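# Observations on the model geometry
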Amino acid sequence: MTLVAILSGAGISTDSGIPDYRGPNGVWRKDPEAEKLVTYDFYLADPEIRRRSWQMRRTSAALNAEPNAAHRAVVELERSGTPVRVITQNVDGLHQLAGLPARKVLELHGTAREVTCTRCHARSSMGEALERVEAGEADPACSVCGGILKAATVMFGERLDPRVLADAMKIAKACEVFLAVGSTLQVQPAASLAGIAAEHGARLIVVNAEPTPYDELADEVVREPIGTALPRLLAGLAAS
């Protein structure tokens, strides 16, 4: 059966109330200082940056968001029997929350739903860490070794997990259809997956409000809102 790969970016989650960080109205463009809160070197070096980061996490839209029609459409495609793999640039966990099996989701930039120790790499839930912040700990330390805790996301200045990236490249090379959804396709190496898929013969479909560097390679470019366009596209794939 046709393997469908979906690269999802911030645009797929905006209907769930999660802001786009890199689009024309993105958070980083509006407040470049906010980028320091998720930059690894700043985070490790400055306790005040960490304190502000924990306060930001307390009000994070990603942790309170619910899946939208686009996330549910991916689940419906998978339940139709079509082989589906999602490669996501998002850290919100909404694909899994919508019902997609975790083993079918590759999180290129990690997850905001867990925390990890920068020293011993122990992992625990974000909820537990935030409970400690609510209880008065401005910068909770690792309960195992006392090291600095951070969200289990890939911060600016950190490398992607090479195993996750290798698996993503394998999927891009093997799929028959590759949809890039809600991604500017400007952040490497994630963006290069679209080109890899096209080079290996996949049908490339770009669904994004703004032009991307890979539009010329695409077999189809869709500018319609993702919440309506993706369910229609995926229903068509399921039917065929």
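By convention here, each chain's residues receive numbers from 1 onward along its written sequence. It should be noted that, the model being predicted, local features are given only for residues of pLDDT at least 70 and side-chain atom pairs only at 80 or more, the latter also being counted only at that level, while totals for whole chains, interfaces and linings use all residues. Water and hydrogen atoms play no part in the side-chain values, which are based on all heavy atoms of the structure.

## Section: the pairing of strand β7 (residues 177-181)
For every residue, the accessible area (1.4 Å probe, protein chains only) is compared with the maximum for its type, and the residue is labelled buried under 20%, exposed over 50%, or partly exposed between those bounds. Runs of H or I in DSSP of at least four residues are treated as helices and runs of E of at least two as strands, each being numbered from the N terminus. The buried count for β7 comes to five of five residues, which makes it a mostly enclosed element. A two-sided burial pattern is seen for β7, the buried positions comprising V177, L179 and V181 on one face and F178 and A180 on the other. The pairing criterion for strands is at least two bridges between them, as found by DSSP. Where strand β1 (residues 4-8) lies against β7, five bridges are found, and the strand directions are parallel. Each residue of the ladder has a partner; that of L7, found in β7, is A180. Taken together, the five bridges between β7 and strand β8 (residues 203-207) define a ladder with parallel strand orientation. What sits directly across from A180, in β8, is V206. Handedness rule for crossovers: strands pointing away from the viewer, path from the first strand over the helix to the second running clockwise, crossover right-handed. Since β7 and β8 lie parallel, the crossover through helix α9 (residues 192-199) that links them has a hand, and here it is right-handed.

## Considering the side chain of S53
Residue placement: S53 occurs in helix α3 (residues 47-58). Leave out the neighbours within four places in its chain, and S53 touches L37 and Y43. Whether two residues are in contact is decided by their heavy atoms, any of which lying within 4.5 Å being enough.

## Structural notes on the packing of aromatic side chains
For this analysis, a ring pair means two rings from Phe, Tyr or Trp (six-membered ring only for Trp) whose centres lie within 6.5 Å, classed as stacked if their planes differ by under 30 degrees, edge-to-face if by over 60, and tilted for the remaining angles. For the structure shown, the criterion picks out zero aromatic pairs. Definition used: whenever NZ (Lys) or CZ (Arg) falls within 6 Å of the ring centre and also within 35 degrees of the ring normal, the charge is taken to sit over that ring. A cation over a ring is seen here: K36 above F42, with NZ or CZ 5.3 Å from the ring centre. Above the face of the W54 ring, R57 is positioned so that its terminal group lies 4.3 Å from the ring centre.

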